[in-house]
Amino acid sequence: MRHVLTLLELSTEEIERVFAISRDLKAKLAAGVREPLLPGRIMAMLFEKQSLRTRVSFETAIGHLGGNSMFLGQDVGWGKRESAADFSQVLSQYVDVIVCRTTAHARIEELAKYCTVPVINGLTDSAHPCQALADVFTLVEIHGDLTGKRVAYVGDANNVAKSLAICCGKLGIEFSIAAPKGYEFDDEFRQTLKAAAPNMKLLESRDPKEVVKGAVGVYTDVWVSMGQEAEQDERRRAFADYQVNEALMKVAPKNASFLHCLPARRGEEVTDGVIDSPQSAVIPQAGNRMHVQKGLIAWLLNAKV
């Protein structure tokens, strides 16, 4: 049984295959073609956290493929009314694929342990694989082959940064990250990344200007994520010098794209002048969540593409 809990579970060839399917389905959709590749298939959306892009993009994706979805919130009692084994095995009897958006990564690992259908990570505290796939897919659309090129990330080395680093490493893309002390990659993740992509070029720095030099993509995320509200004053002070603004973008190449997984806190991690500029790719990036997830679902469920 294949699950996608992190991008560690996908090989380079499999990521490229998902991209190829996504590219094909996106082109067909633009031409008005919506092939019912997965008629009658049902996708469960097991969500514990708020969502716009993840929920709508996944539900739209399965609809385009001829299937249906059901949204499962707190009312289903996941982790409360019955054991994880009972819950997972019963849910697997009803649906063909499960998208899970939860807090602790251990929660989705426990779910997948007992599920007999594929589980896709829609976000946990340590990984956001579908976001990273859409990010790199977007940059490839804009800049072509990214092998040997640099993607820069400025800010908290969070779940988004970790998944993006793994995706870049598996595809031969250089990854650079600027983060303040205490918010950088931890040693355990560095070891995991090196094992997954031993030849990867990784630059870690305290200086945002150093990491964006030569980068085709400049990425940032919020300084205070859901569940970190108690740390917001401390985090704002720590990241005060890590804003992606017009001055920082001038250090990057003129054709560099700005990326953000959204929602953005304008005036904090990014200025209006950057996120609304011609260099910003945040809207097509968000749109590609649907296209790449459609490709991922089709691949996981063995659609004849």
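Remember, predicted model here, so these are calculated numbers, not experimental data. (Residues numbered from 1 in each chain as written. Predicted model: local features only at pLDDT ≥ 70, side-chain atom pairs only at ≥ 80, totals over all residues. Heavy atoms only, no water.)

## Quick look at the overall build of the protein
Here is step 1 of the chain: Each helix and strand in the protein was counted, giving 12 helices and 9 strands.
Here is step 2 of the chain: Here the protein has a C-alpha radius of gyration of 19 Å; the compact-globule value for 305 residues is 19 Å, and the two agree.
Here is step 3 of the chain: With respect to the principal axes defined by its C-alpha atoms, the protein has extents near 55 × 45 × 35 Å.
Here is step 4 of the chain: Within the span of the protein, comprising 305 residues, buried residues form 55% of the whole.
Here is step 5 of the chain: At a minimum sequence separation of 6, the contacts of the protein that also span at least 24 residues come to 75%.
Here is step 6 of the chain: Per element, the accessible surface of the protein, about 13200 Å² overall, is 49% carbon and sulfur.
Here is step 7 of the chain: Once the 36 positive and 38 negative side-chain charges of the protein are each reduced to a mean point, those two points are 4 Å apart. (Helix = DSSP H or I, 4+ residues; strand = E, 2+ residues; numbered from the N terminus. Rg over C-alpha atoms; globule rule 2.2 N^0.38 Å. Buried < 20%, exposed > 50% of the residue type's maximum accessible area, 1.4 Å probe, protein only. Contact = heavy atoms within 4.5 Å. Areas by Shrake-Rupley, 256 points an atom, 1.4 Å probe, with all protein chains shown as cover. Lys, Arg positive; Asp, Glu negative; His and termini not counted. Charge placed at Lys NZ, Arg CZ, Asp CG, Glu CD.)

## Description of the packing of aromatic side chains
Here is step 1 of the chain: Inspection of every chain in the model, using the stated rule, returns 9 aromatic pairs.
Here is step 2 of the chain: Judged by centre distance (5.5 Å) and plane angle (25°), the rings of Tyr153 and Tyr219 are stacked. In this pair, Tyr153 is assigned in strand S5 (residues 150-154) and Tyr219 in strand S8 (residues 215-220), connecting sequence segments 66 residues apart.
Here is step 3 of the chain: On the basis of relative accessible area, Tyr153 is assigned to the buried category, the value being 0%.
Here is step 4 of the chain: The structure contains a cluster of three or more aromatic residues connected by ring pairs, namely Tyr183, Trp223, Phe239 and Tyr242.
Here is step 5 of the chain: In this structure, Arg107 packs its charged tip against the face of Trp78, placed 3.9 Å from the ring centre. (Phe/Tyr/Trp six-rings, centres within 6.5 Å; stacked < 30°, edge-to-face > 60°. Lys NZ or Arg CZ within 6 Å of the ring centre and 35° of its normal.)

## Points about the pattern of salt bridges
Here is step 1 of the chain: This model, assessed by the stated rule, comprises 16 salt bridges.
Here is step 2 of the chain: The closest approach of N and O atoms between Lys26 and Glu141, which form a salt bridge, is 2.8 Å. Placement of Lys26 in helix H1 (residues 12-30) and of Glu141 in helix H5 (residues 129-143) is noted, with a sequence separation of 115 residues between them.
Here is step 3 of the chain: Among the residues examined, Lys26 registers a relative accessible area of 23% and is labelled partly exposed.
Here is step 4 of the chain: Residue Arg235 pairs with Glu231 through a salt bridge whose shortest N-O separation is 3.0 Å. (Salt bridge = Lys/Arg side-chain N within 4 Å of Asp/Glu carboxyl O.)

## Some points on the domain arrangement of the protein
Here is step 1 of the chain: Under the domain assignment, the protein is made up of domain 1 (3-128 + 288-301) and domain 2 (130-285).
Here is step 2 of the chain: The interface is formed by 29 residues belonging to domain 1 together with 25 residues belonging to domain 2.
Here is step 3 of the chain: Buried surface at the junction of domain 1 and domain 2, both sides included, amounts to about 2400 Å², of which 66% is carbon and sulfur.
Here is step 4 of the chain: When residues of domain 1 are sorted by the area they lose upon contact with domain 2, Leu7, His128 and Asn288 head the list and together hold 28% of the total.
Here is step 5 of the chain: At the boundary of domain 1 with domain 2, the tally comes to 1 salt bridge.
Here is step 6 of the chain: On inspection of domain 1 and its partner domain 2, the count reaches 14 residue pairs in polar contact (both at pLDDT 80 or more).
Here is step 7 of the chain: With 7 residues, the top contributor of residues to the side of domain 1 that touches domain 2 is H1. (Domains from an automatic or database assignment. Buried area = accessible area lost by both parts, 1.4 Å probe. Polar contact = N/O pair within 3.5 Å; in protein donor to acceptor, adjacent residues only side chain to side chain.)

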